[in-house]
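For reference, the chains in residue letters:
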Protein chains: 2
Amino acid sequence: MPVALDGTDLAILAALVEDGRMTNAALAARVGVAESTSAYRVRALRESGVITSINARLDLGALGHPIHAIIRVRLGSHNREHVYNLYDKLVDVPGALTVLHVGGNDDFLMHVAVATPGELRDLILEHVTVHPVVRQTETQLVFEVRDGRGVLHR
Amino acid sequence: MPVALDGTDLAILAALVEDGRMTNAALAARVGVAESTSAYRVRALRESGVITSINARLDLGALGHPIHAIIRVRLGSHNREHVYNLYDKLVDVPGALTVLHVGGNDDFLMHVAVATPGELRDLILEHVTVHPVVRQTETQLVFEVRDGRGVLHR
DNA sequence: TTTGAAATAAATGCTAG
DNA sequence: CTAGCATTTATTTCAAA
């Protein structure tokens, strides 16, 4: 799945990762091409799937969900159907931010945001351990989340 | 830190989380207000920090980083200075997507994307375990990442 | 692929309710 | 806080290189 990307593409990607709402005019000026060119490149990057989406990110604390946790989920059966079905359900849990399917001691890692500790408990009891295929969960409180520098290092 | 948000605000947030590049005209039509009103609301949501940023999301596989992993980092000392200094360094590791500071058995969870297994090994050796305060790491391969439904459930 | 310039579309500023 | 309208700004289209 690797796509051929030149320096202009990488500059566009870096700019849009930083500010996804940058105007095309500003983008063109920043990467040094005509506006029609940057518009063309951005469209190509979206159509080819290199840019998967452009989304707003929210302050979940301001939205009343200040408590973040990681829930490590271990299964009792690794039957393919069971695993995939559970994945679909975990992704659909209210408050689930991201769900990773991983190898190793755990099967899934859920990053969740909730309003209160009680809500976290209920989330786990009502939406995670309620599934018979879940054998064990382990929950870690998240103190802080920070974005890393990503893969666009130059 | 909770902010008073009405239904219009929540509808705007949901729309921009889905498509952060939606035009203001489309947003106004979707939430049922005048364009000048939705523009005003969006600006207020950004200025109040409810919308923290709008960013492009990339297909890291297409960018040549198809391998994702979670690196669980445990420290030998929990001196405040050590912890904060290390956090700064982990966030700055090339390929680091997100770094969580957590409570429990681990101290940090790093979500990283790399090109090859060898690169993952080098990342850990050169950027993580190289710090004397790091006592142990444990690495889990990530099979798949999916977004959850988030906190805007209605 | 890239570009400039024209045509279309959208955002902003201003006024008032 | 909301809306309508005029002005300014941005995006899209397209023929040409």
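Source: prediction; values computed, not measured.

## Re the overall build of chain A
Scanning chain A for helices and strands turns up 5 helices and 5 strands. Taken from N to C terminus, the helices and strands of chain A fall in the order α-α-α-β-β-α-β-β-α-β. Taking 154 residues into account, the globule formula puts the C-alpha radius of gyration at 15 Å, and chain A, at 20 Å, lies well above it. Along the first, second and third principal axes, the C-alpha set of chain A runs to 55 × 35 × 25 Å. Across the 154 residues that make up chain A, the buried fraction comes to 44%. In chain A, once contacts between residues fewer than 6 apart in sequence are set aside, the share between residues at least 24 apart is 61%. As presented, chain A carries roughly 7600 Å² of accessible surface, and 52% of it is formed by carbon and sulfur atoms. Here chain A contributes 15 positive and 18 negative side-chain charges, whose respective centroids are spaced 4 Å apart.

## Thoughts on the domain arrangement of chain A
Segmentation of chain A into domains returns domain 1 (7-47) and domain 2 (67-142). Taking only C-alpha atoms into account, the centre of domain 1 of chain A sits 38 Å from that of domain 2 of chain A.

## Examining the relation of the copies chain A and chain B
Superposing chain A onto chain B takes a rotation of 180° plus a shift of 0.0 Å along the axis, which leaves an RMSD of 0.1 Å. What the superposition gives is, in effect, a two-fold axis relating one chain to the other. Take the interface residues of chain A: 100% of them recur as interface residues in chain B, which is what a same-surface contact looks like.

## Re the protein's contact with DNA strand C
Near DNA strand C the following residues occur: Val33(A), Ala34(A), Ser36(A), Thr37(A), Arg41(A), Thr23(B), Asn24(B) and Ala25(B). Counting only the atoms of DNA strand C that lie within 4 Å of the protein, the sugar and phosphate share comes to 70%. Between DNA strand C and Ala25(B), the relevant distance is 2.8 Å, taken from a phosphate oxygen to a main-chain nitrogen or oxygen of the residue. Counting residues per element, the ones that place at least two in the surface near DNA strand C are helix H3 (35-47) of chain A together with helix H2 (24-31) of chain B. Per-element tally for the surface near DNA strand C: the top contributor is H3(A), with 3 residues. Taken together, the residues of the surface near DNA strand C break down into 3 nonpolar, 4 polar and 1 charged.

## Some words on the UniProt feature "domain: HTH asnC-type" (unreviewed entry) in chain A
As recorded in UniProt, the feature "domain: HTH asnC-type" (unreviewed entry) lies at residues 5-66 of chain A. Helix makes up 53% of residues 5-66 of chain A and strand makes up 13%, while its end C-alpha atoms are separated by 39 Å.

## Here we look at the protein's contact with DNA strand D
The immediate surroundings of DNA strand D are formed by Thr23(A), Asn24(A), Ala25(A), Glu35(A), Ser36(A), Arg21(B), Val33(B), Ala34(B), Ser36(B), Thr37(B), Tyr40(B) and Arg41(B). Across the atoms of DNA strand D situated within 4 Å of the protein, the share located in sugar and phosphate is 68%. Taking Asn24(A), its main chain carries an N or O atom lying 2.8 Å from a phosphate oxygen of DNA strand D. Contacts to DNA strand D include Ser36(B), whose side-chain N or O atom sits 3.0 Å from a base nitrogen.

Thresholds, definitions, all that
Residues numbered from 1 in each chain as written. Chains lettered and ligands numbered in written order. Predicted model: local features only at pLDDT ≥ 70, side-chain atom pairs only at ≥ 80, totals over all residues. Heavy atoms only, no water. Helix = DSSP H or I, 4+ residues; strand = E, 2+ residues; numbered from the N terminus. Rg over C-alpha atoms; globule rule 2.2 N^0.38 Å. Buried < 20%, exposed > 50% of the residue type's maximum accessible area, 1.4 Å probe, protein only. Contact = heavy atoms within 4.5 Å. Areas by Shrake-Rupley, 256 points an atom, 1.4 Å probe, with all protein chains shown as cover. Lys, Arg positive; Asp, Glu negative; His and termini not counted. Charge placed at Lys NZ, Arg CZ, Asp CG, Glu CD. Domains from an automatic or database assignment. Least-squares fit on C-alpha atoms with pLDDT ≥ 70 in both. Near = heavy atom within 4 Å. Polar contact = N/O pair within 3.5 Å; in protein donor to acceptor, adjacent residues only side chain to side chain. Nonpolar A, V, L, I, M, F, W, Y, C, P; charged D, E, K, R; others polar. UniProt positions renumbered as here; feature names shortened; annotations may be inferred.

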